[in-house]
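Next come the chains, spelled out residue by residue.
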Amino acid sequence: MDFKVKFETDLSKLPIVSNSSMIKDNETYLQIVSEVLEAKNAPKKTSKDYRRLNRYDVIYANHEPKLVAARTDSDSVDLVIKYFVHNGEVFDILKALHEECGHGGIHKMEKAVQLKYANIARPIISLFLNHCETCLRKRSHPNKGVVVQPLLFKEINARAQVDLIDFQSSKDGDFKFVLNYQEHLSKFVCLRALKTKTAAEVAYHLIDIFCTFGAPSVLQSDNGREFVNSIINELKLMWPALKIVHGKPRHSQSQGSVERANRDVGNMIRAWMSDNKTTKWHDGLRFVQFQKNNSHHRGINQSPFEVMFGRKAALGVGTALPMAVANSLQTEEEIVTALTTSPSNPIATSSCHVQHACDEINIPSVSNEIATSSCHVQRACDEMNIPSVSNEIATSSCNHELVDENENTVSDSEESNEMRRKLRSCIDGNRKRAIQGLEKQAKKMKAGSEAKFGVIERGTTVTVPVPEVDRSKCNPRNIIGVVLEVVDGQFYRIGTKDGTLPQLFSRGQIAPSTKEFLAIENVPPESITIREANGKSSISGGQGFQKCSCTTKCTSNKCACRKKGVLCNSRCHSSLSCCNK
């Protein structure tokens, strides 16, 4: 259908609310003009006449009456006249304004219309833009992709991600990069300063991490499959017994976690440098790593440290006591007394039972059922997964055997087994809560994605973005196509007016159109590449991009650019002298 016919057809179907100010046709327009003239000339005006005159006025242009918006006496004589138009005039008006503003968007169009016309509403402008094929070819696609199935794991070291943060613009001596290693379930990060980003140096630091926390089953990086393969080869040379498989590079969902961690780490490094008035950022990595791992993570609903070790991170006596009390302690006996018998410290009990910490020193509560006869500090790990009190509270003076309320002696081995059992239960509880938090976050991500990116049906008109390498500056950014087939419910085969694209596209690679521009029966059976389809749909032809890599001055036809009759550009050779510029 013709652009104008399709627009006017849809305009007639607009709801009354969106089309309330429009005038249906020329007959209705002339009737309103007649009523306004009668109202102006009536010796005795009725309420209907006043309503007409409050809204409309009539002026003459080339001896033809034109309906305009009424002006009050307070209006300036320089006020721009705003015309009323009927549906039959809207298309030509919008088309002229659209071309004047260079196929501008809704805001430019709305401002241009408001300067001269009184009854063309925003929904009508939006309807016109949806029918413009040129605008469809140049629109940008959403930045965020579709969430198909977020990766979820229930074991530590099932998957880990490694990425490099570039600090070359603020290098610290020989250090230019930061290695960010993140375990997928716990979100625990390990940071290392690098001098280069070679696979050998990355593998050297990964070995150090693996020897501390263990090696993951899957190692993933967004730097490309070749980079990960090189790292794994280096790791196997250093540690022959190590078995790792690489994940799919640039995976849309899983890599987003480490990318967000990169942003946080970068911000925290800058903050540390600012607080300490230093540019030696590699000295601050260990502190940034601790801050990151000890901070609450919204996805796992706790800190990464708690998921990894089953308790909150402790920083000596200051964790269990107020700083004023901790700073006044000098000897071991004073520390033991403060932790076990001080009235101001609720940890103390006469029988070494571990009580909950008070609000003043901000130590989570521990139930009295976890009392130990050897004064080992245990913690509650019920369904609410209450955080632990650190084992640093344990003191050497309580290592002797104690007697319980029934005066029965409990052996050290039984105490150790009970403590290990409860610690294991606490760690499992924290990790279970982390899994539940990630599952909840994954459902939320998927629901939001499905709400934003609905399912595309067969026969829907879509736009396919053209990579920059496959188009010139004058080529459109998108190809208009139609969905020919839906494969496995998540991949789409796209046809264009010049043929069928050979590859399948995911939902995040295409964008549906609200209007139909191409029908399935109009797609020829031939196969065509994106570059060829874009060239045929462009007035200027194909991408025609040319560059050379000459090491001489480009004075002969050995230079690819000179042979083709084009000048060398900045992508050809950087600082070499050239005679073809």
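Considerations on a nonpolar patch on the surface
Right, so step 1: A cluster of nonpolar side chains, namely Tyr204, Leu237 and Met238, defines an oily patch on the protein surface of about 380 Å² accessible area.
Right, so step 2: With respect to the element layout, Tyr204 can be found in helix α8 (residues 199-213).
Right, so step 3: For Tyr204, a relative accessible area of 57% gives the class exposed.

Side note on helix α6 (residues 122-130)
Residues that lie three or four places apart on an α-helix share one face, since the helix turns once every 3.6 residues.
Right, so step 1: Regarding α6, the residues found buried are Ile124, Ile125, Leu127, Phe128 and Leu129.
Right, so step 2: Looking at the buried residues of α6, the elements they touch are α1 (3-12), α4 (87-100), α5 (106-114) and α7 (133-138).

Regarding the environment of Ser537
Right, so step 1: You can see Ser537 is positioned in helix α16 (residues 530-537).
Right, so step 2: Residues Ser537 and Thr496 lie 41 residues apart in sequence; the distance between their C-alpha atoms is 9.7 Å.
Right, so step 3: Sequence-distant contacts of Ser537, that is, excluding residues within four places in its chain, are made with Arg137, Pro476, Lys497 and Asp498.

Concerning the packing of helix α2 (residues 26-41) against helix α3 (residues 47-55)
Right, so step 1: Where α2 contacts α3, the two axes come as close as 9 Å, and the packing angle between them is 110 degrees. With respect to each other, α2 and α3 are oriented roughly perpendicular. Of the two elements, α2 crosses α3, and the hand of that crossing is left-handed. Of α3, the residues touching α2 (which contributes Ile32, Glu35, Val36, Ala39 and Lys40) are Asp49, Arg52 and Leu53.
Right, so step 2: The class makeup of the residues in the contact of α2 with α3 is 4 nonpolar, no polar and 4 charged.

Regarding the packing of aromatic side chains
Any pair of aromatic rings gets described here by the distance separating the centres and the angle formed by the planes.
Right, so step 1: In total, this model carries 12 aromatic pairs according to the counting rule given.
Right, so step 2: The interplanar angle of 45 degrees and the centroid separation of 5.9 Å between the aromatic rings of Phe7 and Phe91 together place this pair among those described as tilted. With a gap of 84 residues between them, Phe7 in helix α1 and Phe91 in helix α4 connect regions that are remote in the sequence.
Right, so step 3: One aromatic cluster in this structure is built from Phe3, Phe7, Phe91 and Phe128.

The rules behind the values
- Residues numbered from 1 in each chain as written.
- Predicted model: local features only at pLDDT ≥ 70, side-chain atom pairs only at ≥ 80, totals over all residues.
- Heavy atoms only, no water.
- Patch = residues over 30% accessible without salt bridge, like charges linked within 9 Å, V, L, I, M, F, W, Y side chains within 5 Å.
- Areas by Shrake-Rupley, 256 points an atom, 1.4 Å probe, with all protein chains shown as cover.
- Salt bridge = Lys/Arg side-chain N within 4 Å of Asp/Glu carboxyl O.
- Helix = DSSP H or I, 4+ residues; strand = E, 2+ residues; numbered from the N terminus.
- Buried < 20%, exposed > 50% of the residue type's maximum accessible area, 1.4 Å probe, protein only.
- Contact = heavy atoms within 4.5 Å.
- Axes fitted to C-alpha atoms, helices over the stretch in contact; angles between N-to-C directions.
- Parallel < 35°, antiparallel > 145°, perpendicular 65-115°, else oblique.
- Left-handed = near helix turned anticlockwise from the far one by under 90°.
- Nonpolar A, V, L, I, M, F, W, Y, C, P; charged D, E, K, R; others polar.
- Phe/Tyr/Trp six-rings, centres within 6.5 Å; stacked < 30°, edge-to-face > 60°.

Any functional reading would require information beyond the geometric quantities listed.
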